[in-house]
Amino acid sequence: MSVLSVKDLHVSVETEQGTKQILKGVNLEIKQGETHAIMGPNGSGKSTLAYTIAGHPKYHVESGSITLDGVEVLDMSIDERARAGLFLAMQYPVEIPGVKVADFLRTAKTALAGEAPALRPWIKEVNGAMKALRMDKAFSDRNVNEGFSGGEKKRNEILQLELLKPGFAILDETDSGLDVDALKIVSEGVNRAQEATGLGLLLITHYTRILRYIKPDFVHVFVDGRVAEQGGPELADRLENEGYDRFLTDTSVA
Amino acid sequence: MTVVTPEQHGLTAHSDGGWDASEKGFVPVQTRSARPQSFEHTDFAPVNGLEAEWKLTPVKLIKPLLDDALDGAPYAIDTEAPEGISVEWVARDDSRIASAGAPEERASANAWTNFEQALAITITGEEHSTVRISRAELGSTARAGHIVITARPHSNGTVIVESTGSALLSENVEVVVEEGATLNFVSVQDWADDAIHLASHFVQVGRSATLKHTIVSLGGKVVRVNPSVHLSGEGADGELYGLYFADAGQHLEQRVYLHHEAAQTRGRVSYKGALQGTGARTVWVGDVLIGPHAAGTDSYEQNRNLVLTEGTRADSIPNLEIETGDIQGAGHASATGRFDDEQLFYLQARGISESEARRLVVIGFLSEIVQKVGDEQLEARLHTAIEAELEGTIS
Ligand SMILES: Nc1ncnc2c1ncn2[C@@H]1O[C@H](COP(=O)(O)OP(=O)(O)O)[C@@H](O)[C@H]1O
Ligand SMILES: [Mg+2]
C-alpha cells in the first residue's frame, strides 16, 4: 500500500525582514485511499505545507523529510514529484496566457504517462470529465485560467485531478470562493477520482462545510506551523462549534 | 484629416505645443503631431545618432539608407490577387500616393525621394478576400520602396506582405482605410540574417472603418518598422499588434504612433517581444495622442517583453498625451521581465519538465498576438517560425 509520509518538517521563506520560520515540525502520514483534512486559521502554514510537498522553490526545507513509499520526495524536482504521483490543486491557480486548456491537458498527460494518449479516447475522456464538472466545452479552447472566475479555476483544478489520476492529491482550499452548488459539483469530482483510483487525499480547508461532501477519515488541526491536535471526523464538528480560539490561546500560552 | 500633398515641400509642422527654448527654465515639449514632415530627403539634416528619433538605433549599420541614392525600381514579388483585390506597380503621380502621410525622418524621406514606382494594392470587394504578397529577392542593393494599400469604402480584405531573403531597404507604406471598410494588414519581416530594413507606415482609418494592423519581425540584422496610425474618421477602430523575437545580434525596433483624431474612436495597441542571446536588442516606443476633437475615445496600449537569456536589452517607452477631457478611457502598460516562476511552477507541478514548461510559456506569451492575426495559414506558419526560434536555445 502506498504511503505519503511527512516527518518533522521545518520550512522557512526569505522575506524582506529576513528568514521566516513557517513550518515548525510537521508530522503526517497518509495512506492510499485515506482522506485527511487539515484545518487551521489563516496564516498557520497550510499552503506552505502544500507547496513544500509539491516542491515550490520559494520554500526552504530546513530539516525533516517527505517520503513517498520510502523514497525521499525532497530530492525530486517539481515535475519528478508529479510523475511520482503527487498532485496539488492550488489555492490560487495561475493564468498561462496563450496556452489552451486542451493543449495543456494533453501535454501534462503525455508528460506523466511518458507517451501521448491516443487521441480519440482522450478527447472523449476530457469531454466526459468536463461534462461531469458542468464545464462548458468552450473551456478547452480558452487559455489556462485566463479570465476564469474563481469557481471556474477550481473546477479546472479538479478536472486535472480526474484526468491526470495521481496517487496522492493535496487540495488547498479548493472550497473557498465556491457557492453551494459549485461546492457540490467539485466535491463529487473529488469523490469520483478517489473511487476510481484509490487516491490518498490531503484536504486543506479553513471551514468545515466541504467536509459535508467529502468525508475525512482523519482531521488535523494546524496551528502556527504544526499539527496541534488530531482526531477523527468528530474533531471537525467540534471546530465547527468552537472555532480555533482554544488552539490559539494554547499556543500563546505555550 | 490632415492631408499633405507632395507639392508641400519644405518642413511643415502643425503645432499646438511646439518649442520655445528661449523662455527661461522652459522645457521644450513637442506634441507628437507637431513633428516636421517633408517628402524631400535634403530637408532632413544628416543623422548623428544623438537625435531622439535615432538614438536607440544602430545608425552606423543603416548609413546607406540615410544618406545614399537608392535604387527605386520595382522588385520581384510573388502574388496571386483574388477577385476584389488588385495588385499593380504604379507611377509616382498615381492619385493613391501621398494620401496617408509624409516622412518625418531622413531615411523615410530618402525612400520617398528615390522610389520610381509604387506597389499598389487596392481592395474593392465587399466579400472578404485575402491577398498574400511575398518578396524574397531584394538582394544587397540599397533600395527605396513604396507600397500603397487602399481599402475602398465598405470593402473587406486581408493583405499579408511577407519578406524573406537579404535586403537593404528603406520604404514607406501608405494605408488608407476608407469609410466603412475593414482591413486586416499583416507585415511579416522574416528576413535573412544580414538584412537591413527601415519602414514607415502611414495609416488613415476613415469613418466607421476598421483596421487591424500587425507587424511580425523575426529575421534580419536591423529591422525598424514604425507605424503611424491616424483614426481620422468618426467611429474609426484601430487594433495594432506586434510580435518580435530578437536573437543574438539582432536589432528589432518599432515606434508606434496612434493618433485618435476624430470622435468615438477606439484604439488598441499590443506588442509582445522575446529576446534571447547576447546582443539581442529590441526597442518599442508607443505614442498615443488623443486629440482635441477625439471625444469619446477608448484607448489602451501595452508592450510586454520576455527576456529569455542574459546579455539582451529591451527598451519599452509608452507615451500618452490627452488633449480632451471627454474620453471613455485611456491606459497604458509596459513590462519587461524574465519567466514568471509561478507559471513555470504550475506547469511543472503537472509533470511537465522545466524546459518544456519554458517552451510552453514563451510560445503562449507570443501566441496571444499570433491568435489575433486572423489568417489560419499565416498563424500556422508563425507558430512554426516561433518554434524554430526556440529550437535548442532554451535549456
Ligand atoms: N512567500 C512568502 N513570503 C513571505 N511570507 C510568506 C510567504 N509564504 C507564506 N508566508 C507567510 O507564512 C505564513 C503562512 O502562510 P500560508 O502557508 O500561506 O498560510 P495558510 O495557507 O495557512 O493561510 C503567513 O504568515 C504568510 O504570510
Ligand atoms: Mg493558504
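Described in the following lines is the structure provided in the data block. (Residues numbered from 1 in each chain as written. Chains lettered and ligands numbered in written order. Predicted model: local features only at pLDDT ≥ 70, side-chain atom pairs only at ≥ 80, totals over all residues. Heavy atoms only, no water.)

**What about the packing of aromatic side chains?**
All names here are of chain B.
Inference 1: Under the criterion given, the structure shown has nine aromatic pairs over all chains.
Inference 2: A connected cluster of aromatic rings, assembled from ring pairs, spans Phe39, Trp112, Phe115 and Phe202.
Inference 3: Taking NZ or CZ as reference, Arg92 lies 4.5 Å from the ring centre of Phe115, over its face.
Inference 4: Above the ring of Tyr346, the side-chain terminus of Arg350 is found at 5.0 Å from the ring centroid. (Phe/Tyr/Trp six-rings, centres within 6.5 Å; stacked < 30°, edge-to-face > 60°. Lys NZ or Arg CZ within 6 Å of the ring centre and 35° of its normal.)

**A closer look at the nonpolar core**
Inference 1: Val26, Leu49, Leu161 and Leu171 of chain A are the most contacted members of the largest nonpolar core, which totals 112 residues.
Inference 2: It is helix α4 (residues 354–370) of chain B that provides the largest number of residues to this core, a total of nine residues.
Inference 3: Excluding its chain neighbours within four sequence positions, the residues that come into contact with Leu171 of chain A are Ala89, Ile158, Leu161, Val190, Leu201, Leu202, Leu203 and Ile204 of chain A. (Core = buried A, V, L, I, M, F, W, Y, C linked by side-chain atoms within 4.5 Å. Buried < 20%, exposed > 50% of the residue type's maximum accessible area, 1.4 Å probe, protein only. Helix = DSSP H or I, 4+ residues; strand = E, 2+ residues; numbered from the N terminus. Contact = heavy atoms within 4.5 Å.)

**Focus on the site of ligand 1**
Residue and element names in this part refer to chain A.
Inference 1: Close to ligand 1 lie 14 residues; Lys20, Gly43, Lys46, Ser47 and Thr48 are nearest.
Inference 2: A distance of 2.9 Å is found between an oxygen atom of ligand 1 and a backbone nitrogen or oxygen belonging to Lys46.
Inference 3: For ligand 1, whose unbound accessible area comes to 560 Å², protein coverage reaches 70%.
Inference 4: Where the shell around ligand 1 is concerned, the elements lending two or more residues are β1 (3–15), β2 (18–31) and α1 (46–54). (Near = heavy atom within 4 Å. Polar contact = N/O pair within 3.5 Å; in protein donor to acceptor, adjacent residues only side chain to side chain. Areas by Shrake-Rupley, 256 points an atom, 1.4 Å probe, with all protein chains shown as cover.)

**Remarks on the interface of chain A and chain B**
Inference 1: Contacts between chain A and chain B engage 36 residues on the former and 19 residues on the latter.
Inference 2: Connecting chain A to chain B are two salt bridges.
Inference 3: Our count for the contact surface shared by chain A and chain B stands at nine residue pairs in polar contact (both at pLDDT 80 or more).
Inference 4: Where the side of chain A that touches chain B is concerned, the elements lending two or more residues are α1, α2 (78–83), β6 (86–89), α3 (101–113) and α5 (150–164) of chain A.
Inference 5: Here the residues of the side of chain A that touches chain B sort into 21 nonpolar, eight polar and seven charged. (Salt bridge = Lys/Arg side-chain N within 4 Å of Asp/Glu carboxyl O. Nonpolar A, V, L, I, M, F, W, Y, C, P; charged D, E, K, R; others polar.)

**Some words on the sheet that holds strand β7 (residues 168–177) of chain B**
Residue and element names in this part refer to chain B.
Inference 1: Taken together, nine strands build an open sheet; the order of strands is β2-β3-β5-β7-β9-β11-β13-β15-β17 and the sheet is mixed. For this open sheet the edge positions go to β2 (85–91) and β17 (313–322), each flanked by a neighbour on one side alone. Between one strand axis and the next, the sheet turns through 10 degrees on average, direction left out of account.
Inference 2: Inspection of the sheet shows strand β15 (residues 281–290) paired to β17 by 10 bridges, in the parallel sense. (Pairing = 2+ DSSP bridges. Axes fitted to C-alpha atoms, helices over the stretch in contact; angles between N-to-C directions.)

**Here's the deal with the coordination of the magnesium ion (ligand 2)**
Tetrahedral coordination by four donors places them ideally at 109.5 degrees to one another around the metal; octahedral coordination by six donors ideally gives 90 or 180 degrees.
Residue and element names in this part refer to chain A.
Inference 1: Protein coordination of the magnesium ion (ligand 2) is provided by Ser47 (OG) and Gln91 (OE1), with donor distances spanning 2.1 to 2.3 Å. You can see Ser47 sitting in helix α1 and its partner Gln91 sitting in the loop between β6 and α3, a full 44 residues away along the chain.
Inference 2: Note on Ser47: relative accessible area 17%, which makes it buried. (Donors = N, O, S within 2.8 Å, 3.2 Å for Na, K, Ca; no water.)

Structural measurements only, silent on function.
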